[in-house]
Amino acid sequence: MISRSRCAALRESVWPSGKPVSQMERKIFWASFAVLGLAADLFLPFWWAIGATIPIVIFSWWLAYRSNWF
């Protein structure tokens with residue numbers, strides 16, 4: 001079982017640079033990953049969809065954490 005202080009520490013995680021990771025960044029990452037992953041699963045053949053997972057993860061990470069859109 002995870003203690004309350006451990007849960008608080010997980011919610012308040014920090015990048016190595018010292019920048020806090022917000023809940024919104026996490027939500028944007030997982031939402032974009034889910035949408036793009038489902039689109040790849042629906043429109044691409046199986047092995048292409050599996051291969052597209054790595055670029056989807058990279059793009060989702062860039063969109064949520066590196067771009068200044070949000």
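Heads up: the structure comes first, above all this text.
No experiment lies behind these values; they were computed from the predicted model shown. Here, residues in each chain are numbered from 1, in the same order as that chain's written sequence. Two thresholds apply to this predicted model, a pLDDT of at least 70 for residue-level local features and 80 or more for giving and counting side-chain atom pairs, whereas whole-chain, interface and lining totals are computed over all residues. With hydrogens and water stripped out, all remaining heavy atoms of the structure feed into the side-chain values.

1. Notes on the overall build of the chain
For the purposes of this entry, the term helix denotes a DSSP run of H or I that reaches at least four residues, the term strand denotes a run of E that reaches at least two, and both are numbered from the N terminus. Scanning the chain for helices and strands turns up three helices and zero strands. Mapped in sequence order, the helices and strands of the chain form the string α-α-α. Three labels apply to residues, based on accessible area from a 1.4 Å probe with only protein chains included: buried if under 20% of the type maximum, exposed if over 50%, partly exposed otherwise in between. Buried residues in the chain amount to 21% of all 70 residues. Of the contacts made within the chain by residues no fewer than 6 positions apart, 45% connect residues no fewer than 24 positions apart. Surface exposure of the chain reaches about 5900 Å², of which carbon and sulfur atoms provide 72%. In what follows, residue pairs with any heavy atoms lying within 4.5 Å of each other are defined as contacts. In these tables, accessible area is a Shrake-Rupley quantity obtained with a 1.4 Å probe, and a residue counts as shielded only by the protein chains included in the view.

2. A short note on helix α2 (residues 23-43)
To estimate how far a helix should reach, multiply one less than its number of residues by 1.5 Å. Its 21 residues place the ends of α2 30 Å apart at the C-alpha level, agreeing with the 30 Å of an ideal helix rising 1.5 Å per residue. Turning to α2, its buried residues number three or more, namely E25, I28, F29, S32, G37 and A40. Along the axis of α2, the buried positions cluster into a sector of 145°, meaning they face one direction only. With respect to the buried face of α2, the exposed residues turned more than 90 degrees away are M24, K27, W30, V35, L38, D41 and L42. Think of it as the arc spanned by the lines of direction from the helix axis to the C-beta atoms.

3. Notes on the packing of aromatic side chains
Stacked, edge-to-face and tilted labels apply to pairs of Phe, Tyr and Trp rings (six-membered ring for Trp) whose centres lie within 6.5 Å, assigned for plane angles under 30 degrees, over 60, and everything in between, in that order. Going through the model one piece at a time under the given rule, you end up with six aromatic pairs. A centroid spacing of 5.9 Å and a plane angle of 85° characterise the contact between W30 and F33, whose relative ring orientation is edge-to-face. Here F33 and W30 lie together in helix α2, a separation of three residues that amounts to about one turn. Here the aromatic residues F29, W30, F33 and Y65 are joined through ring pairs into a cluster of three or more.

4. Focus: the nonpolar core
In this text, buried Ala, Val, Leu, Ile, Met, Phe, Trp, Tyr and Cys residues form a nonpolar core when linked through side-chain atoms within 4.5 Å. I28, F29, L63, A64 and Y65 together form the largest nonpolar core, which totals five residues. Those elements giving two or more residues to this core turn out to be α2 and α3 (46-66). Looking at which element gives the most residues to this core, the answer is α3, with three residues.

5. Considerations on the environment of E25
Here E25 is to be found in helix α2. The spacing of E25 and R66 is 41 residues in sequence and 9.8 Å in space, taken between C-alpha atoms.

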